[in-house]
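Structural overview
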Amino acid sequence: MRKISTFSKGGVHPADRKDLTCTKEIVRLPIPEIITVPFSQHLGVPAIPNVKKGDAVERGQKIGDAAGFISADIHSPVAGKVLEIKELFLPNGMKAKAAVIEVDQERSALTGKIENDWTQMDPQEMVAKVKDLGIVGMGGATFPANVKFTVPKGKKAEYVVINGVECEPYLTSDHRLMLEKGDKILQGSMMIAKMVDAKKIIIGIEKNKPDAMDNLERLIEQNSYPIEIQPLKLKYPQGDEKQLLKATIGKEIQSGTLPIDIGAVVSNVGSTFAVYEAITNDKPLIERVVTVSGGAIKNPGNFLVTIGTPIQTIIDACDGFSETPDKMIAGGPMMGFGFYDLQTPVMKGTSGVLALTKKESIKGEQSACISCGRCVQACPMGLQPTKLYKNIKKANYDTAMAMNLLDCKECGCCAFICPAKLPLVQSMRLGKRMSRKKK
Ligand code: SF4
Ligand code: SF4
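Residues numbered from 1 in each chain as written. Chains lettered and ligands numbered in written order. Predicted model: local features only at pLDDT ≥ 70, side-chain atom pairs only at ≥ 80, totals over all residues. Heavy atoms only, no water.

Details of the domain arrangement of the protein
How big an interface is tends to be reported as the loss of accessible area on association of its parts. Examined at the domain level, the protein breaks down into domain 1 (115-281) and domain 2 (374-438). With seven residues of domain 1 at the contact, the number on the domain 2 side is six residues. Here domain 1 and domain 2 share an interface that buries about 520 Å² over both sides, 53% of which is from carbon and sulfur atoms. Its largest share of buried area at the contact with domain 2, domain 1 owes to Tyr236, Lys242 and Ser255, together 55% of the area lost on that side. Between the two partners, domain 1 and domain 2, sit one salt bridge. In this structure, aspartate 240 engages lysine 409 in a salt bridge whose closest nitrogen and oxygen atoms are separated by 2.8 Å. Seen at the junction of domain 1 and domain 2, the total is four residue pairs in polar contact (both at pLDDT 80 or more). Partitioning the side of domain 1 that touches domain 2 into residue classes produces two nonpolar, three polar and two charged. (Domains from an automatic or database assignment. Contact = heavy atoms within 4.5 Å. Buried area = accessible area lost by both parts, 1.4 Å probe. Salt bridge = Lys/Arg side-chain N within 4 Å of Asp/Glu carboxyl O. Polar contact = N/O pair within 3.5 Å; in protein donor to acceptor, adjacent residues only side chain to side chain. Nonpolar A, V, L, I, M, F, W, Y, C, P; charged D, E, K, R; others polar.)

Okay, here's the thing in structure tokens:
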């Protein structure tokens, strides 16, 4: 194992609260009677529905066609009948079309698995499978995986870096996957290396997951896999590509460039497992592991959930709430999105569902900026959050853009550390939206 490392600029140390679920094995939830499958579950333009009310669908059937380069196909997670195509609000505030499907439980049951031998497949065929089966980044960014795995002409991938960091507090789904599906994740990593023609594979894991590191190390040794484990110090937002690459390969992505510009392709653990299942079993991205946690959940846990399952169903699987939650979040507490409607469906990017108590979500009274500079120290992108906030507040969007507002990852480090409890991340989001609108 390599020497422990981390990134250098900024970062914070929120309490991780992973103890609530890190020992909870992944439990498969039954498919509900009705599911709702949004056509926008990825970065980029929504997919275009190719089914209509009354149509019968099969499990794994493509029901939405990718509508652009940065878009992804959508598949039906079940067999059944389309009841309607409706519009709904997603936790990120976007409105999207969705297929409401009445489930035929018998026809949706899991059947025998296809077992393709990936070592006999050529890289283009593998990338095509990843595209056709709608695989996207599952750590939250939901970037279409086939785009990542297509190295542009003139560029060269030297490293595949697997993101096993899971630095968001509460979330443990990747941790559990590394413990329970370790060999498949390692094989998925080698598949990605084959697709992008990279020679080095490194898995970055924070040191609060020693059991996951040990498990992967053991499997690597047993099978002589050409993979290295890079232990990392605990620091948020180490799971971001920029910080992860600095911590694992010591190289930094410059503003406006991509990992491939420094010879790297990054994939998170959940996506790597989905890549394995797509290539080996021809399985589309129709289910995922979700951590359900927070002080207001009676029995927190990790669940394998059919995409489109209402969040209410997974809350019920945890025996409901122990108290009325003060805040519901889809994703982690630092970068996730607050939502109210418990009928909101689980999507490809739903890494967690959190029900936080008042004590956990307490923000405190907002006051004026005291110019302490803590947000500047904490910003991993080297920005000046306080100045950006003040300019956005005054609608000086051009000035904010000139101060590299677009480099903001919305990681929340500045808001976390701010003693004045200013809504810095919301302000960055507003600034970006208004600048785009103006453009
Ligand atoms: S949210 Fe943006 S401005 Fe704030 S710390 Fe993160 S990158 Fe910096
Ligand atoms: S941390 Fe908050 S109070 Fe301190 S300078 Fe930044 S915005 Fe102002």
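Quick notes on the nonpolar core
In this structure, Ile135, Phe149, Met195, Val275 and Ile279 are the most contacted members of the largest nonpolar core, which totals 50 residues. For this core, the secondary-structure elements that each account for two or more residues are helix 2 (123-132), strand 9 (159-164), helix 4 (173-180), helix 5 (182-196), strand 10 (200-206), helix 6 (210-223), strand 11 (227-232) and helix 8 (269-281). It is helix 5 that contributes the most residues to this core, eight residues altogether. Listed in part, the 20 residues of the second largest apolar core include Val161, Cys167, Tyr236 and Ala247. (Core = buried A, V, L, I, M, F, W, Y, C linked by side-chain atoms within 4.5 Å. Buried < 20%, exposed > 50% of the residue type's maximum accessible area, 1.4 Å probe, protein only. Helix = DSSP H or I, 4+ residues; strand = E, 2+ residues; numbered from the N terminus.)

Things to note about the pairing of strand 7 (residues 80-89)
Regular strands place their side chains on alternate faces of the sheet. Where strand 4 (residues 56-57) lies against strand 7, two bridges are found, and the strand directions are antiparallel. Each residue of the ladder has a partner; that of valine 57, found in strand 7, is glycine 80. Hairpin connection between strand 7 and strand 8 (residues 95-103): a loop of five residues separates the two successive antiparallel strands, and glycine 93 in this loop has a positive phi of roughly 90°. (Pairing = 2+ DSSP bridges.)

A short note on the side chain of serine 293
Position of serine 293 among the secondary structure elements: in strand 13 (residues 287-293). The exposure class of serine 293 is buried, given its relative accessible area of 0%. Discounting chain neighbours no more than four positions away, the residues touching serine 293 are Leu20, Thr21, Tyr170, Pro300, Val353, Leu354 and Ala355.

Quick look at the side chain of glutamate 410
Its location among the elements puts glutamate 410 in the loop between helix 13 (397-402) and helix 14 (413-417). Among the polar contacts listed, one links the side chain of glutamate 410 to the side chain of arginine 429, at a separation of 2.9 Å. A polar side-chain atom of glutamate 410 sits 2.8 Å from a polar atom in the side chain of lysine 432.

Notes on the pairing of strand 11
Of all six residues in strand 11, five are buried, a share of seventy percent or more. Bridge analysis of strand 10 against strand 11 gives six bridges, and the strand direction is parallel. Looking at the pairing, isoleucine 202 lines up with glutamate 228 of strand 11. Between strand 10 and its parallel partner strand 11, the chain crosses via helix 6, and the hand of that crossover is right-handed. (Right-handed = clockwise from strand over helix to strand, strands pointing away.)

What to know about the sheet that holds strand 4
The antiparallel open sheet is built from four strands, whose spatial order is 2-8-7-4. Two strands in the sheet have a free side with no partner beyond their single neighbour: strand 2 (34-38) and strand 4. Inspection of the sheet shows strand 7 paired to strand 8 by nine bridges, in the antiparallel sense. Considered in strand 8, the bridge of phenylalanine 89 is made with lysine 95.

Quick look at the pattern of salt bridges
This model, assessed by the stated rule, comprises 24 salt bridges. Here aspartate 104 ties to arginine 107 by a salt bridge, and the two come within 3.0 Å at their closest N and O atoms. For aspartate 282, the salt bridge goes to lysine 129, with nearest N and O atoms at 2.6 Å. On the criterion of sequence distance, the pair formed by aspartate 282 in the loop between helix 8 and strand 13 and lysine 129 in helix 2 is long-range, its members being 153 residues apart.

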